[in-house]
Amino acid sequence: MTDICIIGGGAAGMTAAICAKRENPAREVLILEKKNQLGKKILATGNGKCNLSNTSCEGSLKVLDFFESIGVLTRTDSAGRIYPYTEEARAVQSALVSQIQLLGIRVDTCAEVICVEKQRDGFRISLANRELYAKKVLIACGGKAGPANGSTGDGFRFARAMGHKVEKLIPVLTAVEVKEDTERMDGIRAKAAVSLFFHKRKVFTEAGEVQFTRNGISGICVFNLSRYLLIPKGSSLANGFDDYRIEVDFFPEFEIDDLEKLLIKRQGDGFDGERLLQFLVRGPIANRIIELSKGDMKATVKLLKAFPLTPSGVRGWDFAQVTKGGVCMDEVDDQTCQSRLTDGLFFAGEVLDYDGPCGGYNLQHAWETGMRAGREMAK
Ligand SMILES: Cc1cc2nc3c(=O)[nH]c(=O)nc-3n(C[C@H](O)[C@H](O)[C@H](O)COP(=O)(O)OP(=O)(O)OC[C@H]3O[C@@H](n4cnc5c(N)ncnc54)[C@H](O)[C@@H]3O)c2cc1C
């Protein structure tokens, strides 16, 4: 019988273990991690730089204090994104692992939990070849996004088995697939604004770098858009995106009339026909717009300001960064992260029903909920 058992040694689980042991060194803390090392996913975050928080998160200072206490200095870019000073995700993962070793926290790697059951005075935790007992359990198994790093949705199964409601799980922060043929634009990047419409109502817009792919679009602003592309209740994957439309504005700084005037002036200056869009947008985009507008000026301007795309889906769990949905927050105390249904049962990180945009929000949530759960469990 261990005091505290943490299932999942990712961002949330490692933070929880450290905070629990610091809060009460007498408590025995055990981390069970199914992969062969702790914090594998952290290494892949922020393109290997780990965007660990954002200045616009309410709790970012607490997180920065925590990282300072484990030896990680940070730096912030002009958009408020916070990274380790060396811009190496490995620094974050190593600092957490070193602190875990320093505090004498027990770690079992290659230890996949199969099942968690409530007993009279604690929990029974079953692995393939053994059983463990713990007074308190933290489920920090992550979501379903990026399963190569260990998060395959086990936490949702454990939560459901203990009577918790799990909100619908959807892969988000991922590329969007479209019905139109984008093959000839594959690899082209454009500074633009993307907007998402549902039943003609604009539900999302963001400027950034749009990357065309063989079958759709990608890039941070598209990842953020993917959080709003939800299959309506009663629809299926086959028809669920029919009421959505995406528009790409290649000239977000221009009003439509000013853009038209600019093009008319260019025509007068001899940039006519196929040369009209030369040096304004990349070649493959220009070719597609000229093809679609058939040379009509009004249509050309409209396509430059609102290039239409019809979403057909999003790239799945293997490519998504985050899970939308998860353990319903109505059944979890958000200050302590303890289940409202079962004493001694805690949840932290992506297993909970939270998802944020790109920019450090999702890791911030993992650290913060890990801290809260860890401290409370040690009491
Ligand atoms: C490619 C990529 C880049 C990202 N970049 C960023 C970024 O820059 N900034 C940001 O804020 N967010 C980023 N995210 C999202 C962020 O990484 C996650 O939201 C965060 O890691 C969630 O932390 P977690 O501890 O809840 O889950 P995870 O980090 O997924 O950890 C869960 C752990 O539980 C283990 N586990 C699962 N099931 C079991 C089981 N049955 N038994 C034992 N162990 C188990 C897993 O192996 C894993 O180690 C990125 C995600 C991806 C995929």
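Cut-off values and rules
- Residues numbered from 1 in each chain as written.
- Predicted model: local features only at pLDDT ≥ 70, side-chain atom pairs only at ≥ 80, totals over all residues.
- Heavy atoms only, no water.
- Helix = DSSP H or I, 4+ residues; strand = E, 2+ residues; numbered from the N terminus.
- Buried < 20%, exposed > 50% of the residue type's maximum accessible area, 1.4 Å probe, protein only.
- Contact = heavy atoms within 4.5 Å.
- Pairing = 2+ DSSP bridges.
- Salt bridge = Lys/Arg side-chain N within 4 Å of Asp/Glu carboxyl O.
- Near = heavy atom within 4 Å.
- Polar contact = N/O pair within 3.5 Å; in protein donor to acceptor, adjacent residues only side chain to side chain.
- Areas by Shrake-Rupley, 256 points an atom, 1.4 Å probe, with all protein chains shown as cover.
- Nonpolar A, V, L, I, M, F, W, Y, C, P; charged D, E, K, R; others polar.
- Core = buried A, V, L, I, M, F, W, Y, C linked by side-chain atoms within 4.5 Å.
- Axes fitted to C-alpha atoms, helices over the stretch in contact; angles between N-to-C directions.
- Domains from an automatic or database assignment.
- Buried area = accessible area lost by both parts, 1.4 Å probe.

Trainee: Describe in detail the environment of Phe-241, supporting the description with residues and values.
Mentor: Tracing the backbone through its elements, the reader meets Phe-241 in the loop between helix H6 (220–226) and strand E15 (244–249). Here Phe-241 falls in the buried class, since its relative accessible area comes to 5%. For the pair Phe-241 and Leu-259, spaced 18 residues apart in sequence, the C-alpha to C-alpha distance is 31 Å. Non-local contacts of Phe-241, meaning those with residues more than four positions away in its chain, are made with Leu-229, Ile-231, Pro-311, Ser-312 and Gly-313.

Trainee: Pulling in residues and values, what's your account of the sheet that holds strand E3 (residues 53–54)?
Mentor: Spatially, the three strands line up as an open sheet ordered E3-E5-E4, and their pairing is antiparallel. The sheet is open, and its two edges are formed by E3 and strand E4 (74–76), each paired on a single side. As defined by bridge partners, E3 adjoins strand E5 (residues 81–84) across two bridges and the pair is classed as antiparallel. For Ser-53, the partnering residue across the bridge sits in E5 and is Ile-82.

Trainee: Break down the pattern of salt bridges for me, with residues and values.
Mentor: Enumeration according to the criterion identifies 20 salt bridges in this entry. The closest approach of N and O atoms between Arg-106 and Glu-28, which form a salt bridge, is 3.0 Å. Of this pair, Arg-106 sits in strand E6 (residues 106–108) while Glu-28 sits in the loop between helix H1 (11–23) and strand E2 (29–32), and the two are 78 residues apart along the sequence. With a closest N to O distance of 3.2 Å, Asp-355 and Lys-324 form a salt bridge. Of this pair, Asp-355 sits in the loop between strand E19 (345–347) and helix H10 (361–378) while Lys-324 sits in strand E18 (residues 322–327), and the two are 31 residues apart along the sequence. On the accessibility criterion, Asp-355 (10% relative accessible area) is buried. Among the charged side chains, a network of salt bridges with common partners joins Lys-34, Asp-154 and Arg-157.

Trainee: Help me get a handle on the site of the ligand, residues and values and all.
Mentor: Taken together, 36 residues are adjacent to the ligand, and Glu-33, Gly-46, Asp-154, Glu-350 and Leu-363 come closest. Ala-11 places a polar main-chain atom, nitrogen or oxygen, 3.1 Å from an oxygen atom of the ligand. Measuring from an oxygen atom of the ligand, one finds a backbone N or O atom of Gly-360 at 3.4 Å. Expressed as a share of its isolated accessible area of 1000 Å², the protein-covered part of the ligand is 94%. Looking at the shell around the ligand, the elements that each hand over two or more residues are H1, helix H2 (40–44), helix H5 (154–161) and H10. Here the residues of the shell around the ligand sort into 15 nonpolar, 14 polar and seven charged.

Trainee: Before we move on, can you summarise the nonpolar core with the specific residues and values?
Mentor: Membership of the largest hydrophobic core comes to 40 residues, with the highest contact counts inside it found for Phe-67, Leu-96, Leu-138 and Trp-367. Residues contacting Leu-138, with those up to four places away along its chain left out, are Cys-5, Ile-6, Ile-7, Ala-16, Phe-346, Phe-347, Ala-348, Ala-373 and Met-377. Of all hydrophobic cores here, the second largest spans 37 residues; its members include Phe-241, Ile-246, Leu-259 and Val-314.

Trainee: I'd like a rundown of the sheet that holds strand E16 (residues 307–309), residues and numbers included.
Mentor: The seven strands are arranged E16-E15-E12-E13-E14-E11-E17 in an open sheet whose pairing can be described as antiparallel. What marks the edges here is a single partner per strand, and that holds for E16 and strand E17 (311–314). Geometrically, the sheet is characterised by an average inter-axis angle of 40° between neighbouring strands, direction not taken into account. As paired elements, strand E12 (residues 189–198) and strand E13 (residues 201–213) share 10 bridges and run antiparallel to each other.

Trainee: Provide a residue-level description of unusual backbone geometry, including the pertinent values.
Mentor: Phi at Cys-50 is positive, roughly 60°, even though this residue is not glycine. Using a relative accessible area of 0% as the deciding quantity, one classes Cys-50 as buried. Here Glu-87, not a glycine, exhibits a phi torsion of approximately 55°, which is positive. Tracing the backbone shows Glu-87 in the loop between E5 and helix H4 (89–102).

Trainee: I'd love a proper account of the domain arrangement of the protein chain, names of residues and values included.
Mentor: Examined at the domain level, the protein chain breaks down into domain 1 (2–170 + 320–378) and domain 2 (176–314). In this assembly, eight residues from domain 1 lie in contact with six residues from domain 2. Here domain 1 and domain 2 share an interface that buries about 610 Å² over both sides, 59% of which is from carbon and sulfur atoms. For domain 1, the biggest contributors to the area lost against domain 2 are Lys-324, Pro-357 and Cys-358; these three give 54% of the whole. At the boundary of domain 1 and domain 2, one finds one salt bridge. A salt bridge links Arg-227 to Asp-355, with the nearest nitrogen and oxygen atoms 2.7 Å apart. Run the count over domain 1 and domain 2 and you get two residue pairs in polar contact (both at pLDDT 80 or more). Considered class by class, the residues forming the side of domain 1 that touches domain 2 number three nonpolar, two polar and three charged.

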